[in-house]
Each structure stands twice: as structure tokens, then as C-alpha cells.
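Analysis of the macromolecular model
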Amino acid sequence: MTEFRCEQLEQALREDDAEMLAAARRHAETCGACRAELEQWDSISSLARSLHRDWESPGLWERIQESLSAETQPKASLWHVWRFAFAAVAVVVISVAVVWMIHHPSPDTAEGRLFLTERALAEAKLREDAYVESIDKLSRLAQPVLDRVSSPLMDSYREKLTLLDTAIAELKTEAGHNTLNARLRNELANLYREKQKTLSEVLAYANNSSTAR
Amino acid sequence: MDSPAFPAAGQDLAAQIRQGSAGAFERLYQSQGARLKSIAYHLLGNRPDAEDAVQETFLKVYRSIGTYHGQAAFSSWVYRILVNTCTDVRRGRKRRAEEPDNQQRGRESSVALKIALERALVELNPKHRTVFLLAEVEGLKHSEIAEILEIPEGTSKNWLFEAKQALKRALARREKGQ
Ligand SMILES: [Zn+2]
């Protein structure tokens, strides 16, 4: 084995080579300069171990758990929440309609009387603002029917439309802060479509009833 | 392959986490929480930020477990996520390091030295500081550090040497009366 030389110490430390370091330590027994250097090196290492920090973190694991479960169960979108409400109302509407039709059989639709409704529906296919505006128009057409006609079926339609208007207002507020949010825009579009469909049903029902009279 | 950091087989833990086992996350927290916090503390300088970084690390482990295919030890992969999270936090803010405990300052020479070392550590180049923390403070091997930081083992050794040289100089300056 060749003798270890002072100038090799840096290489031994840099390469963290076990064999070279052992040789350096043997050499340091008789070399003050290398011994001092190695002692300094070792003291930094032993001091470093005392830098490990340990402290109690009450609530940290619970926080982690919460964020993990929030991640695994993504928040239901507003549309999903409302869809459940609509489904419930739809069940009522259909049941009431079935009962209503059993007791009030309607004759064939008088086509001529539907022109207002059809025109409103055609307009409702326009996009964006025009679309919303056409739904408002449809709303204005249906409003007298909703105000005038008193029946369990119409009660259900009124309830559904109130629910829809609340949902639309809520989404519009949220979308107001996130104008570029595609998800909100889609949900809003879904709600408008649902409102359009409901209003059409109200108008069709009114036309059927007046033809029946 | 897995370091002593993960006494339970890391690959098994990874597999359980992939299957969505909440218990596996808890075992990860119990076995690694303290060490993860300590590393984050030294990289971020205060406890609240360190705890936030650990929380964020767990979320990232959950979100990206699908990309872990055992190419590195699971422990190295988790530590890598933590170190990267801390790097992002540091980039996103100005340092607000916690002062070393006042009541400890000057009580005895070893404590004073410890505080001096902690301060000198803050002044280090981030990559040197990270290697020093992992190797000397937390006791990881160069092979593990190489995996965590995705650098060759020789680079890990080299950075540790540079870090210790810089710390030695800083402590010597302090001894000369700052
Ligand atoms: Zn020598």
C-alpha cells in the first residue's frame, strides 16, 4: 500500500471513498494539519445530525386525511346537485300528468292554435343572448297560463320552474366571477334547455286544455 | 432497494397506495412524517410552511402514484416530490426563515455552534444545501440522494463536499469574530 500524502486529503473527502478515508485517518495520527482538517470535517457532520427537527404537529395528519378524501370525492357540480332535484320534480310531474290525462282525455291538437308556441320554440334555438332572450319570451307566453291555470300538474310545473330559476340565478352569480369557466357555461346551458323544455310543456298543456274545452 | 427510511417494503406500500388504501397513507405518514417535516423545515425555514409542504407532498403522491413504476425506491420518489414541492414554494415567495430559538442562543457553545451552522446552511446554494440536509442531517446514502435528486452519485458526493467546505469557511469566519 502506497503512503497517504497530505494533498490527497481533499480527494478522499470529495469522493467520500471509504478506503482512502481510512488511509487518511491513519495518516492523520502523525500529521497535525490533516488531523485538524478531519476533526473539523467530523464536527460539522456530528453537528449536522443535531439539526434534525422534530416537533408535534397536532392536526396535521387530519388535515392530510381531509385533503386526500376531498381529492377522492370530487365536489359534485351544481348541475349534478340540481339534476337530482329535477329528477324528483319530474317524477311528480309525470305522475300528476298521468292521473290528469286519465281524468281529462284530450282531443287532437288544434295546429292553428300552436303557432305562437312554435314560433317561440323556433326562436329558442338561437344561440347565446338570443337564446336566453327567446326563453324569456317563452316565459312571458307561459306566464299567463301559469298564473291562470290551477291544477296539480300546473303546480308541479310552477315548482319546477321556480327551482330552475333559482339554479340559473345561482349559476349566473358564480359564472359572473368566472366568465371563462366552460363548465359553468355548460351547466347554465343545461339549465336553460331544461327551462325551455318545461315552458314548452306548459304551453302545450295549455293548448291541449283550451282545445279540449 | 428501499432505504432504511422505509422499514416496511416500500414497493408494497406503493402498491397499497395505488389501490387507494387509506391505511397505507397513514403508515407512510407515521414512518416518514417526522423526517419529511424536518427536511421541509430546513428547506423552507419555518414549521407552518414545512407542514403545508408535507400535506402537499401527500396529495401529490396520491395524484401521481400512477406514474410510479418502481424505477426508483418508493422512499426516494416520495422525497423527490417533497424536495420539488419545497423548491416550488421557495420560488413562489421571499424567504421568511424562522429565527433560531432565542432562548437557546448563547446558552452553551455547542448550541451556539449549532445555531451558527443552521445560519450558514441558509446561505448555501440550494442544491448544496439539499444534499447536505439529506446526507448529513437526515442520514441518507449518496445512492438514495442520487435517486431523489436525479443526479449521478458522484455529483451528490461532490455537492456534499462543496457544501461542507462552504460551511467550514462560514464557521471559521464566525470564530474569527464575524
Ligand atoms: Zn497530512
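These numbers were taken from a predicted model, which means no experiment stands behind them.

This next bit is on the overall build of chain B. Counting secondary structure elements, chain B contains 8 helices and 0 strands. The order of helices and strands in chain B, counted from the N terminus, is α-α-α-α-α-α-α-α. Split into buried and exposed, the 178 residues of chain B put 53% on the buried side. Expressed as a percentage of contacts within chain B between residues at least 6 apart in sequence, the contacts between residues at least 24 apart total 66%.

Scanning all chains against the criterion turns up 13 salt bridges over all chains. Across the pair Arg-14 of chain A and Glu-162 of chain B runs a salt bridge whose closest N-O atoms are separated by 2.9 Å. With one member in each of two chains, Arg-14 of chain A in helix α1 (residues 9-15) and Glu-162 of chain B in helix α8 (residues 153-175) form a pair that bridges those chains. Taking the relative accessible area as the measure of exposure, Arg-14 of chain A reaches 24% and is therefore partly exposed. Looking at Glu-162 of chain B, the relative accessible area reads 29%, which means it is partly exposed. Measuring nitrogen to oxygen at the nearest pair gives 3.4 Å for the salt bridge that ties Glu-136 of chain B to Lys-164 of chain B.

Right, let's talk about the coordination of the zinc ion for a bit. Residue and element names in this part refer to chain A. All of the protein donors around the zinc ion are Cys-6 (SG), His-27 (NE2), Cys-31 (SG) and Cys-34 (SG); their distances to the metal are 2.1 to 2.3 Å. Here the zinc ion binds 4 donor atoms, and the angle range of 102 to 119 degrees at the metal identifies the geometry as tetrahedral. Sequence positions of the residues that donate to the zinc ion give the spacing C-x20-H-x3-C-x2-C. Judged by relative accessible area, Cys-31 falls into the buried class, the value being 12%.

The next subject is the confidence of the model for chain A. Of all residues in chain A, 64% have pLDDT values of 70 or greater, and the mean over the chain is 76. In the model, residues 106-116 of chain A has pLDDT below 50 throughout and makes 11 contacts with residues more than four positions away in sequence or in other chains.

This part is about the side chain of His-42 of chain B. Along the chain, His-42 of chain B turns up in helix α2 (residues 22-44). Using a relative accessible area of 6% as the deciding quantity, one classes His-42 of chain B as buried. Of note is the side chain of His-42 of chain B, whose polar atom sits 2.6 Å from the backbone oxygen of Leu-51 of chain A.

Across the contact, 40 residues belong to chain B and 29 residues belong to chain A. Summed over both sides, the interface of chain B with chain A buries roughly 3,500 Å², with 61% coming from carbon and sulfur. Counting across the interface, chain B meets chain A through 5 salt bridges. Arg-63 of chain B is the salt-bridge partner of Glu-71 of chain A, the closest N and O atoms lying 2.5 Å from each other. At the boundary of chain B and chain A, one finds 22 residue pairs in polar contact (both at pLDDT 80 or more). Going through the elements one at a time, α2, α3 (47-64), α5 (109-123), α6 (126-137) and α8 of chain B are the ones with two or more residues in the side of chain B that touches chain A. Counting residues per element, the side of chain B that touches chain A draws most heavily on α3 of chain B, at 10 residues.

All right, on to the confidence of the model for chain B then. All names here are of chain B. Per-residue pLDDT for chain B has a mean of 86; in total, 85% of the residues score no lower than 70. The secondary structure element of chain B with the lowest average pLDDT is α5, at 86, and the one with the highest is α6, at 97. For the stretch residues 1-5, pLDDT sits under 50, and the model shows 15 contacts to residues farther than four places along the chain or on other chains. Below a pLDDT of 50 lies the segment residues 97-108, which in the model reaches 17 contacts outside its immediate sequence neighbourhood of four places, other chains included. The complex prediction reports pTM at 0.60, with the ipTM value standing at 0.83.

On to the packing of aromatic side chains, then. The geometry of an aromatic ring pair is captured by the separation of the ring centres together with the interplanar angle, meaning the angle of the planes. Enumeration according to the criterion identifies 10 aromatic pairs over all chains in this entry. Consider the rings of Trp-61 of chain A and Phe-58 of chain B, whose centres lie 6.4 Å apart with planes at 70 degrees: the pair is edge-to-face. Here the residue Trp-61 of chain A occupies a position in helix α4 (residues 60-72), and Phe-58 of chain B occupies one in helix α3, the pair thus bridging two chains. According to the relative accessible area criterion, Phe-58 of chain B is buried, its value standing at 1%. With 6.2 Å between their ring centres and 45 degrees between their planes, Phe-25 of chain B and Phe-58 of chain B make a pair best called tilted. Separated by 33 residues along the polypeptide, Phe-25 of chain B in helix α2 and Phe-58 of chain B in helix α3 bring together distant segments of the chain. Through pairs of rings, three or more aromatic residues link up here, namely Trp-61 of chain A together with Phe-25, Tyr-29, Phe-58 and Tyr-62 of chain B. Against the face of Trp-55 of chain A rests Lys-37 of chain B, its NZ or CZ located 4.8 Å from the ring centre.

Scoring rules and cut-offs
- Note that residues are indexed from 1 along each chain, following the sequence as it is written.
- All chains are assigned letters beginning with A, and all ligands numbers beginning with 1, in the order in which they are written.
- Given that this is a predicted model, residues contribute local features only at a pLDDT of at least 70 and side-chain atom pairs are listed and counted only at 80 or more, while totals for whole chains, interfaces and linings are drawn from all residues.
- Side-chain metrics rest on all non-hydrogen atoms present in the structure, leaving aside hydrogens and water.
- Every helix listed is a DSSP run of H or I at least four residues long, and every strand listed is a run of E at least two residues long, numbered separately from the N terminus.
- The classification of residues rests on relative accessible area computed with a 1.4 Å probe and restricted to protein chains. Under 20% of the type maximum is buried, over 50% is exposed, and intermediate values are partly exposed.
- Note on contacts: a residue pair is in contact if any heavy atoms of the two residues lie within 4.5 Å.
- Here, a salt bridge means any Lys or Arg side-chain nitrogen found within 4 Å of an Asp or Glu carboxyl oxygen.
- The donor definition counts N, O and S atoms within 2.8 Å of each metal and applies 3.2 Å to Na, K and Ca; water is not among these atoms, so some sites may look incomplete.
- Here a site with four donors is tetrahedral if all angles are between 85 and 135 degrees, and a site with four or six donors is square planar or octahedral if opposite donors are over 155 degrees apart and the other angles are between 65 and 115; anything else gets the irregular label.
- Confidence scores per residue from the predictor, reported as pLDDT, run from 0 to 100.
- Two N or O atoms count as a polar contact when they lie within 3.5 Å, although within protein this holds only if one can serve as hydrogen donor and the other as acceptor, and sequence-adjacent residues are included solely when both atoms are side-chain atoms.
- By convention, the term buried area covers the 1.4 Å-probe accessible surface removed from two parts as they join, with the contributions of both added.
- Two rings from Phe, Tyr or Trp (for Trp, the six-membered ring) form a pair when their centres sit within 6.5 Å of each other. Planes less than 30 degrees apart are called stacked, planes more than 60 degrees apart edge-to-face, and all others tilted.
- Counted as over-ring charges are cases with an Arg CZ or a Lys NZ within 6 Å of the ring centre that also lie within 35 degrees of the ring normal.

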